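Chains, contacts and geometry: an overview
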Amino acid sequence: QVQLVESGGGLVQAGASLRLSCAASGGTFRIYTTGWFRQGPGKEREFVAAISRNGGTTSVEGRFTMSSDNAKNTVYLQMNSLKPEDTAVYYCAAGTPAGWDPRGWDYWGQGTQVTVSS
């Protein structure tokens, strides 16, 4: 079974940076597409970023960058210039999705809270 554990969230002030980590066990990230989603207050869960098994990345937020370390079986989300509207629970996910719809992803972490204050 694939298990994903996120870490790195917290309470920060606007303009700060955070790096979220997602460590996998029971499987290697390199055989899956991996990504980050978030769900803010009053919003649906939305796609943030993804990285393919070949290392290609995509992100809907220019201030955020996803990366991976295959040796550590870990993926990261670097978040810079955080804004209050970035406040959300951030989830790590993996699978073989056809797109960025969260319903198409197979494995999910427990989520880590990111709160950005003014």
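Here's a quick rundown of the structure.

Rules and cut-offs
Residues numbered from 1 in each chain as written. Predicted model: local features only at pLDDT ≥ 70, side-chain atom pairs only at ≥ 80, totals over all residues. Heavy atoms only, no water. Core = buried A, V, L, I, M, F, W, Y, C linked by side-chain atoms within 4.5 Å. Buried < 20%, exposed > 50% of the residue type's maximum accessible area, 1.4 Å probe, protein only. Helix = DSSP H or I, 4+ residues; strand = E, 2+ residues; numbered from the N terminus. Contact = heavy atoms within 4.5 Å. Disulfide = S-S within 2.5 Å. Salt bridge = Lys/Arg side-chain N within 4 Å of Asp/Glu carboxyl O.

**Digging into the nonpolar core**
In terms of nonpolar packing, the biggest core is built from 25 residues, with Leu4, Phe29, Trp36, Val75, Leu77, Met79 and Tyr90 touching the most fellow members. Of all the elements in the fold, those that place two or more residues in this core are β3 (18-25), β5 (46-51), β7 (64-69), β8 (74-79), β9 (88-95) and β11 (112-117). When neighbours within four sequence positions are excluded, Tyr90 is seen to be in contact with Glu6, Leu20, Trp36, Phe37, Arg38, Val48, Phe64, Leu77, Met79, Gly111, Thr112 and Val114. Within the second largest apolar cluster, 5 residues are counted, among which are Phe37, Ala50, Ala93 and Trp105.

**As for the state of the cysteines**
As enumerated under the stated definition, the model contains 1 disulfide in all. There is a disulfide in this structure between Cys22 and Cys92, and the S-S distance comes to 2.1 Å. Measuring handedness by torsion sign, the sulfur bridge of Cys22 and Cys92 sits at about -80° and is left-handed. Of this pair, Cys22 sits in strand β3 while Cys92 sits in strand β9, and the two are 70 residues apart along the sequence. For Cys22, a relative accessible area of 0% puts it in the buried group. On the accessibility criterion, Cys92 (0% relative accessible area) is buried.

**Looking at the pattern of salt bridges**
A side chain with one charge may pair with a side chain of the opposite charge, provided their charged atoms come close. The final tally for this structure, using the stated rule, is 4 salt bridges. With a shortest N-O distance of 2.8 Å, Arg38 and Glu46 are connected by a salt bridge. The partner of Asp86 in a salt bridge is Arg38, and the shortest N-O contact between them spans 3.1 Å. Taken together, the residues Asp86 in the loop between β8 and β9 and Arg38 in strand β4 (residues 33-39) connect sequence positions 48 residues apart. By relative accessible area, which is 12% here, Arg38 ends up buried.

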